[in-house]
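In case you want the letters, here they are:
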Amino acid sequence: MTYYGKCIEMVMKHLDRFQPEKDSPEQFLEATAASLQTLSPQKQAFIMEILSGCLEYHKLLTIVVDAFYVRDGRLCLRADYSLFEVICYLATFQLEELGFQLFRDVVRSQPVHKVCQFLRFLFNPLNLGSWIKDEWSLVYETSHVKENWIDPLMRWQPEIQELIDQLQGELTSQLSPPKSKAKVTEPRELSLTTPRPRAIPVPEPVPQVAKTRPVPRSTYQAPKEQRLLEMTKRYNRWKAEELLLQANFEELRCAVPRSRGEPQLQDSKKKPRLRLPPRILKAQKLTFYTPNDNAPVKLNTAAILREGALYQRQVEKELQRVDRLVDGAGDFSEFLEWQRRMQAKDREEQLAAGEVRRLRGKLSHEEAVLARQQVAREKRRTAELKKEETAELMQRCAERRLQEEKSTKELVEQVMETQKNVRVAQTELRKGRRRIAQEVTEENRELLQRSAEAAKEEQRRRCTLVSQLRALEFQPTRRGKLVDLTQIPGHGLEGEMSVVELRERLALLKETRRRQEEERRDQIIQGKRAKSQELRDTVEQVALCRAAMGRSAALRWEEKKARWAAAGAPSQDERVLELQRRIQEKAAERRARAAPGHVPAPRAVRPKQRTPAWAAGAWLRTGWLSEDHAVCCGSRERMGKPVGRGGAVHCQGMDV
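Treat the numbers as computed from the prediction; the structure is a model and nothing was measured.

**Q** Can you help me understand the overall build of the protein chain in this one?
**A** Regarding its fold elements, the protein chain presents 18 helices and two strands. The contacts of the protein chain with a sequence gap of at least 6 include a subset with a gap of at least 24, amounting to 71%. Entry remark: accessible area of the protein chain is about 51,400 Å², with carbon and sulfur atoms responsible for 54%.

Encoded structure:
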């Protein structure tokens, strides 16, 4: 059996090296025969016969082995793929030629559990009569497959099943240990010397570790005030620009020159207003709020000091300006009035230009729709031509497929005739194989006897080594000595002390450092208190300035709203009227040309943004939006409808 095992192993090694995509079977067999020249002629013939058969029926063997790995051999290794191919070839094509006795010896030379599992799968009547027969019929003729391969396998199925049961029983008997009837050795306890008990060591005090501060939650959380701060920043910038513009309009009365005969007040609507001094409000917290009073803004120390210095500089500048006016400085009212008229004119021109751009875009859209309709008609015409060409090509392919099927059938008939001549040569090979098998069986018996004697000698040597190792394990070992922590080592060094004294000195040093840290902490706390008191004073001053500026800004805002209410809406432009007329003409032309089956291309939908009421008010104040549009935006926001930036999306009948 060792002889067959070596032969099968060599066949498996050569099959693993064969690559169907790159190697040619004829060249591969020639190279293999050249490498086997050192072996005996009988062994060389046996190996080449199996190898050539596996390569010839490679497709049939691959079908069975792949199915085995998918169904019953999911736990088998892929390295045994070639072994299963060889077993399948011998059982399917060489079982009658070799004989059952020789086939059994070949099977016994391989791993029993793997071969049993594969043979049980291969000789299963359900598999042979169903899918194996169908798959092989796709490669060869159905009648040839049934007569030459499937029927012989079904006849050998009872003998193979007995062989599988026999091998399975031997495998089970090898796994279960034999029951010995000899007397069991009873172990006895050794009388060893009892060791002396160890001394209990002095317990060491557990050091007290200082409790650390927990990590604050804000480290792992995103700041919630970031979006609110951005909104506040934009609002404050707009507010600052408004305050700057309002400050240029409102000058002190002493700085405005008047003629001698001009009365002080000519308009009955303008009445002197009583300006009260601002109330002083004490700031209790270092927190300010946004204009909507929704989100608090916490200021740090640098921000508070910076804002306090800013208000201080503003107060100094205002005092300097009052001094210059008292000394007789000039008036800029005429220049500001001219500047206001020019800005209003520029805003009207910008609005008219924006409307012109919008109407031009709408006009280009109408022209694009007309062009898209023309392109769609051309595409439909091209598609009809393509369909006619495709039908012609399909008809040609069908004719070519019929010709290929006829040529394939003729080739199969030629191959069947050549296979009939091969049977005569196979009968001569069977006789030579049987003679070789008998010689190999005798050689295997001698080799088995020699290997059994070598195994017994190796087992005897291992038992001797194990007994020596066990004797070494029971030898006694020395124990360590005790350590006295209160004893001085006595090495003669300067400042030498025991471990206990060293621990006491370290404890005193820690206490001294702790007292120094407490003193330093008290000094830091006193400095922080002084600094916080200074910040509170600055915050009170900033709060007073803010309250005064807020009241003055509210008064100026009321006056500006009164002026804007009296202003009229801008007029239309000739360019806008001309573009609207052209758009109407293009739309009428598109509706006249539109086909009933036309589907326009999808347009990208821009997301509508909702404009809040305070933004509409800001655009009204800066001139971007008229008063009528602002009223419309506010009403649509209360109804939950979107508001565009210019108001031109939803305001029907209004001119921007």
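**Q** How do you make sense of the state of the cysteines when you look at a structure like this?
**A** Should the sulfur atoms of two cysteines be covalently bonded, the bond is a disulfide. This structure, assessed with the given rule, holds zero disulfides. Free cysteine: Cys88, not disulfide-bonded; nearest cysteine sulfur from Cys54 at 8.8 Å.

**Q** I'm lost on the packing of aromatic side chains in this one. Help?
**A** Pairs of aromatic rings are described using the distance from one ring centre to the other and the angle between the two planes. Under the definition given, this model contains 17 aromatic pairs. Ring geometry for Tyr57 against Trp149: centres 5.9 Å apart, planes inclined by 80°, an arrangement best described as edge-to-face. Linking Tyr57 in the loop between helix 3 (41-56) and helix 4 (58-70) with Trp149 in helix 10 (residues 142-175), this pair joins segments that are 92 residues apart in sequence. The class of Trp149 is buried, set by a relative accessible area of 6%. One cation-aromatic arrangement involves Arg78 over Tyr69; the distance from NZ or CZ to the ring centre is 4.3 Å.

**Q** What exactly am I supposed to notice about the nonpolar core here?
**A** Across soluble globular proteins, nonpolar side chains have a tendency to be buried as a group. In this structure, Ile50, Leu90, Phe118 and Leu119 are the most contacted members of the largest nonpolar core, which totals 67 residues. Element by element, the count of residues in this core is highest for helix 5 (residues 81-93), at 10 residues. Filtering out sequence-adjacent residues up to four positions away, Ile50 remains in contact with Ile8, Val11, Val86, Tyr89 and Leu90. In terms of nonpolar packing, the next biggest core, distinct from the first, is built from six residues, Val356, Leu359, Leu579 and Ile583 among them.

**Q** What should I look at first to understand the confidence of the model for the protein chain in this one?
**A** Parts of the prediction with low pLDDT should not have their coordinates interpreted in detail. With 78% of its residues at a pLDDT of at least 70, the protein chain reaches an overall mean of 76. Taken element by element, the predicted model of the protein chain shows its lowest mean pLDDT in helix 18 (residues 627-638) (42) and its highest in helix 4 (88). Across residues 255-294, where pLDDT falls below 50, the model places 41 contacts with residues more than four positions away in sequence or in other chains. Segment residues 597-656: pLDDT under 50, and 72 contacts once partners within four positions in sequence are set aside and those in other chains are kept.

**Q** Even after reading the chapter, I still don't get helix 12 (residues 301-326), so can you show me in this structure?
**A** Given 3.6 residues to a turn, an α-helix orients residues that are three or four positions apart in the same direction. Helix length check: helix 12, at 26 residues, gives a terminal C-alpha distance of 38 Å against a target of 38 Å (1.5 Å per residue), a fit within 8%. Of the positions making up helix 12, those classed as buried are Ala303, Ile304, Glu307, Gly308, Tyr311 and Leu325. Gly328 lies just past helix 12 and shows a positive phi near 105°.

**Q** Explain the packing of helix 3 against helix 5 to me, please; I cannot follow it from the model alone.
**A** Packed helix pairs are characterised by how far apart their axes lie and by the angle those axes make with each other. Where helix 3 meets helix 5, the axes come as close as 10 Å, and the angle between the chain directions of the two elements is 95°. Looking at the two axes, helix 3 sits roughly perpendicular to helix 5. Side by side, helix 3 and helix 5 meet where Glu49, Ile50, Gly53 and Cys54 of the first sit next to Glu85, Val86, Tyr89 and Leu90 of the second. Its residues placed into classes, the contact of helix 3 with helix 5 shows five nonpolar, one polar and two charged.

**Q** How should the pattern of salt bridges be read in this particular structure?
**A** Any two side chains of opposite charge can pair, given that their charged atoms come close. On inspection of all chains with the given rule, the structure shows 22 salt bridges. Here Glu170 makes a salt bridge to Arg108, at a shortest N to O gap of 3.1 Å. On the criterion of sequence distance, the pair formed by Glu170 in helix 10 and Arg108 in helix 7 (residues 100-108) is long-range, its members being 62 residues apart. On the accessibility criterion, Glu170 (29% relative accessible area) is partly exposed. Given a relative accessible area of 24%, Arg108 falls into the partly exposed group. Taking the shortest distance from any N to any O, the salt bridge between Asp151 and Lys146 comes out at 3.6 Å. Accessibility expressed as a relative area gives 25% for Asp151, which makes it partly exposed. Through salt bridges that share partners, Glu49, Glu97, Arg430 and Arg433 make up one connected network.

Reading the values: rules and limits
- Residues numbered from 1 in each chain as written.
- Predicted model: local features only at pLDDT ≥ 70, side-chain atom pairs only at ≥ 80, totals over all residues.
- Heavy atoms only, no water.
- Helix = DSSP H or I, 4+ residues; strand = E, 2+ residues; numbered from the N terminus.
- Contact = heavy atoms within 4.5 Å.
- Areas by Shrake-Rupley, 256 points an atom, 1.4 Å probe, with all protein chains shown as cover.
- Disulfide = S-S within 2.5 Å.
- Phe/Tyr/Trp six-rings, centres within 6.5 Å; stacked < 30°, edge-to-face > 60°.
- Buried < 20%, exposed > 50% of the residue type's maximum accessible area, 1.4 Å probe, protein only.
- Lys NZ or Arg CZ within 6 Å of the ring centre and 35° of its normal.
- Core = buried A, V, L, I, M, F, W, Y, C linked by side-chain atoms within 4.5 Å.
- pLDDT = per-residue confidence, 0-100.
- Expected span 1.5 Å × (residues − 1).
- Axes fitted to C-alpha atoms, helices over the stretch in contact; angles between N-to-C directions.
- Parallel < 35°, antiparallel > 145°, perpendicular 65-115°, else oblique.
- Nonpolar A, V, L, I, M, F, W, Y, C, P; charged D, E, K, R; others polar.
- Salt bridge = Lys/Arg side-chain N within 4 Å of Asp/Glu carboxyl O.

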